[in-house]
Amino acid sequence: MRILVITPGTGSFFCGVCLRDNALVQELRRLGHRADMLPMYLPIAVDDPESVSANQPIFFGGINVYLQHKFAFFRHTPHWLDAMFDARWLLERAAQQSGMTQGPELGRMTFDMLRGEAGHLRKEVRKLVAHIRDHERPDVIFLSTILQAGVARELRRATGVPVVGFLQGEDSFLDTLAAPWSERCWDELGVRCGEMDRLVAPTRYFGDLMAGRLKLPPGKVAVVPNGMKLEVFENIVPHTGAPTIGYLARMMPGKGLGTLVDAFLLLHRRGSVPGLKLRVAGALTPPDEPFVNGIKAKVTEAGLAEHFELKGNITLEEKREFFEGLSVFSVPATYGEAFGLYVVEAMAAGVPVVQPRHASFPELIEHHDAGRLCAPNDAASLADELEAVLTDPDQARQLGANGRRAAFDHFTAETMATRLVEEVGQLA
């Protein structure tokens, strides 16, 4: 089968969706399919040295999208000029300016993207459709997120093949758009998703949530858990050093880093876990720097700077070392997380997990007895559950073993790829 995955890139930091799609394409190829990944917006950044999109052209380049959205002149420029703005080095430079489009302008641009051929970005739609029709010739097209749904209508019309969209936490983004754009985007997205052949959610929680919000008919949404390449976690060495809490995700308020730091400080005040450390790693974008600087200042003011480590993006091998150095893991996201690949990574490494009792986390953790759940957005409750794991080595070992078994049984790239091919087969 010829499968095409279209993925939005971040340009400069590792993103869970990009990591998943890169692993998916690799696994589809291993299973004998012809699979490729096309980047949208910005180049794709992954921690895997085998990046399947490295030599692919970039469509809907971020600079062109901005210019065509803002200025009518650029909606009619020749392709050779557009190609200059789509140069990888230029897009990577632009990716460093993460905060240049905000507020009402972000809402307008999102709405324009969702309108596809009916909006200001129709030239970009035509370029993508022409390339896929003339060069890729797929049997099925996967859109990595339904925020790309604006291209689905024309792709289906031009190629005649099924278009499948992944649901990946779009609600939290759409709900933050300024009025009236949030409501308009939800309405347009409902129409566009209704025209797609199938939607795939990573958890039952998120599938049911989005089916309701998008007013989709029964049977439109299938559930296929995200999977990853887990080989890096094979034969991992269990941690035996100082008790250490780990966090690996984008360093932003919504991921709950502030709540985790408050729980860490509270545990030190209790004195129940002597020598406790906190290791933090993940993407740090320019808009998040003031928040992270405040976190570091809080830890330093508490006199615990020597017990706190903070790193940015880490490579695949550094990720293995990171998890080998943990006693327990937590990313206590405050919003309704659709999945949480970071939870699967911790489980695969045999590290017990403590997460909030909401969104996808009960489905991932409680069902597999891979950790403990705390009250959402509650530092004291989080501290209680972390303390319960850190002070009971037998429980910690059992939870870690349960999680590791579940990760390799249910959340591998092979399992994900196989199930997705089965779903596509039902569309024939």
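See the structure above.
Everything numeric in this text was worked out from a predicted model, so none of it was measured. (Residues numbered from 1 in each chain as written. Predicted model: local features only at pLDDT ≥ 70, side-chain atom pairs only at ≥ 80, totals over all residues. Heavy atoms only, no water.)

> I would appreciate a short explanation of the overall build of the chain in the present structure.
Secondary structure summary: the chain contains 18 helices and 12 strands in total. Since a compact globule built from 428 residues should have a radius of gyration of about 22 Å, the 22 Å found for the chain is in line with a globular shape. Taking the principal axes of the C-alpha coordinates as reference, the chain spans close to 65 × 45 × 40 Å. Expressed as a percentage of the 428 residues in the chain, the buried residues total 58%. Counting only contacts in the chain whose residues sit at least 6 apart along the sequence, the fraction spanning at least 24 positions is 73%. As presented, the chain carries roughly 17300 Å² of accessible surface, and 52% of it is formed by carbon and sulfur atoms. Of the charged side chains in the chain, 45 are positive and 53 negative, and the gap between their average positions amounts to 5 Å. (Helix = DSSP H or I, 4+ residues; strand = E, 2+ residues; numbered from the N terminus. Rg over C-alpha atoms; globule rule 2.2 N^0.38 Å. Buried < 20%, exposed > 50% of the residue type's maximum accessible area, 1.4 Å probe, protein only. Contact = heavy atoms within 4.5 Å. Areas by Shrake-Rupley, 256 points an atom, 1.4 Å probe, with all protein chains shown as cover. Lys, Arg positive; Asp, Glu negative; His and termini not counted. Charge placed at Lys NZ, Arg CZ, Asp CG, Glu CD.)

> Just checking my understanding: could you explain empty space enclosed by the protein for this structure?
Applying the stated criterion across every chain yields a total of 1 cavity of 30 Å³ or more. Quantified by volume, the largest cavity comes out at close to 30 Å³. In this structure, the largest cavity is lined by R279, A281, K311, I314, E318, E321 and F322. Sorting the residues of the lining of the largest cavity by element identifies β8 (277-281) and α13 (316-324) as the ones contributing at least two each. (1 Å grid on protein atoms, 1.4 Å probe; cavity = no way out; pocket = protein on both sides within 12 Å on 5 of 7 lines; lining within 4 Å. Points joined across faces, edges and corners; volume = space filled by probe spheres on them.)

> I would appreciate a short explanation of the layout of surface pockets in the present structure.
Over the atoms rolls a probe the size of a water molecule, and its path tells where empty space is left. Considering only enclosed or pocket space, the second largest pocket measures out at about 530 Å³ in volume. Lining the second largest pocket are 25 residues, with H239, L326, S327, A396 and R397 positioned closest to its centre. Of all the secondary-structure elements, those providing two or more residues to the lining of the second largest pocket are α13, α16 (379-390) and α17 (393-410). With 5 residues, the top contributor of residues to the lining of the second largest pocket is α17. Counted by class, the lining of the second largest pocket contains 15 nonpolar, 6 polar and 4 charged residues. (Nonpolar A, V, L, I, M, F, W, Y, C, P; charged D, E, K, R; others polar.)

> Can you walk me through the pattern of salt bridges in this structure?
Close approach of charged atoms allows side chains with opposite charge to pair. Taken as a whole and judged by the stated rule, the model has 34 salt bridges. Across the pair E324 and R320 runs a salt bridge whose closest N-O atoms are separated by 3.5 Å. One end of the pair is E324 and the other is R320, both in helix α13 and 4 residues apart, which spans about a single turn. The exposure class assigned to E324 is partly exposed, which follows from its relative accessible area of 22%. Given the relative accessible area of 18%, R320 is considered buried. The network of salt bridges with shared partners includes E117, R153, E188, R192 and E195. (Salt bridge = Lys/Arg side-chain N within 4 Å of Asp/Glu carboxyl O.)

> I tried to follow α17 on my own but got confused; where do I start?
Each α-helix winds once per 3.6 residues, and so residues spaced three or four apart point in a common direction. Along its 18 residues, α17 runs 26 Å from first to last C-alpha, staying within 8% of the 26 Å computed at 1.5 Å per residue. Residues Q395, A396, L399, G400, N402, G403, A406 and A407 constitute the buried set of α17. Angular distribution of buried residues about the axis of α17 spans 165°; they occupy a single face of the element. Every exposed residue of α17 that faces more than 90 degrees away from the buried side is listed here: D394 and R397. Tucked inside the fold, the buried residues of α17 contact α14 (341-348), β12 (371-374) and α16. (Expected span 1.5 Å × (residues − 1). Arc of directions from axis to C-beta.)

> Just checking my understanding: could you explain the nonpolar core for this structure?
Side chains of nonpolar character tend, in soluble globular proteins, to be buried together. Among the nonpolar cores identified, the biggest contains 64 residues, and I245, F323, F329 and L386 are the most heavily contacted of them. Of the residues forming this core, the biggest block, 8 residues, is contributed by helix α11 (residues 257-270). Sequence-distant contacts of I245, defined by excluding residues within four places in its chain, comprise L260, L267, L276, K277, L278, R279, L326, V328, L386 and L390. With 50 residues, the next largest nonpolar core counts L38, L114, L121 and L155 among its residues. (Core = buried A, V, L, I, M, F, W, Y, C linked by side-chain atoms within 4.5 Å.)

> So what exactly am I meant to see when it comes to the packing of aromatic side chains here?
Two descriptors summarise a pair of aromatic rings, namely the distance from one centre to the other and the angle between the planes of the rings. Following the criterion strictly, the structure yields 11 aromatic pairs and no others. Judged by centre distance (5.4 Å) and plane angle (55°), the rings of F142 and F166 are tilted. Within this pair, whereas F142 is found in strand β3 (residues 140-143), its partner F166 is found in strand β4 (residues 163-166), the two being separated by 24 residues in sequence. Taken together, F233, F322, F323, F329 and Y342 form an aromatic cluster joined through their ring pairs. In this structure, R20 packs its charged tip against the face of F166, placed 4.3 Å from the ring centre. Geometry around W181 places R184 over its ring, the cationic atom sitting 4.8 Å from the centre. (Phe/Tyr/Trp six-rings, centres within 6.5 Å; stacked < 30°, edge-to-face > 60°. Lys NZ or Arg CZ within 6 Å of the ring centre and 35° of its normal.)

> Could you clarify how one ought to interpret the pairing of strand β2 (residues 34-40) in this entry?
Remember that side chains alternate between the two faces of the sheet whenever the strand is regular. Counting buried residues in β2 gives 6 out of 7 residues, a clear majority hidden from the surface. With 7 bridges connecting them, strand β1 (residues 2-8) and β2 associate as parallel partners. In the strand pairing of β2, I6 is matched with L38. Considered for its hand, the β-α-β crossover made up of β1, helix α1 (residues 16-30) and β2 is right-handed. (Pairing = 2+ DSSP bridges. Right-handed = clockwise from strand over helix to strand, strands pointing away.)

> What's the story with the side chain of Q56 in this structure? I'm lost.
Considering the arrangement of structural elements, one finds Q56 in the loop between β2 and α2 (62-70). The class of Q56 is buried, set by a relative accessible area of 16%. The residues contacting Q56, other than those within four sequence positions of it, are D36, M37, L38, P39, R88 and E136.

> What should I look at first to understand the environment of D187 in this one?
Following the sequence through the fold, D187 ends up in helix α9 (residues 181-195). The exposure class of D187 is partly exposed, given its relative accessible area of 48%. For the pair D187 and P218, spaced 31 residues apart in sequence, the C-alpha separation works out to 18 Å.

> Explanation requested: helix α10 (residues 204-213) in the structure shown.
Taken as a whole, α10 has its buried residues at F206, G207 and M210. Along the axis of α10, the buried positions cluster into a sector of 100°, meaning they face one direction only. Contacts from the buried residues of α10 go to α8 (170-174), α9, β5 (198-201) and β6 (221-223).

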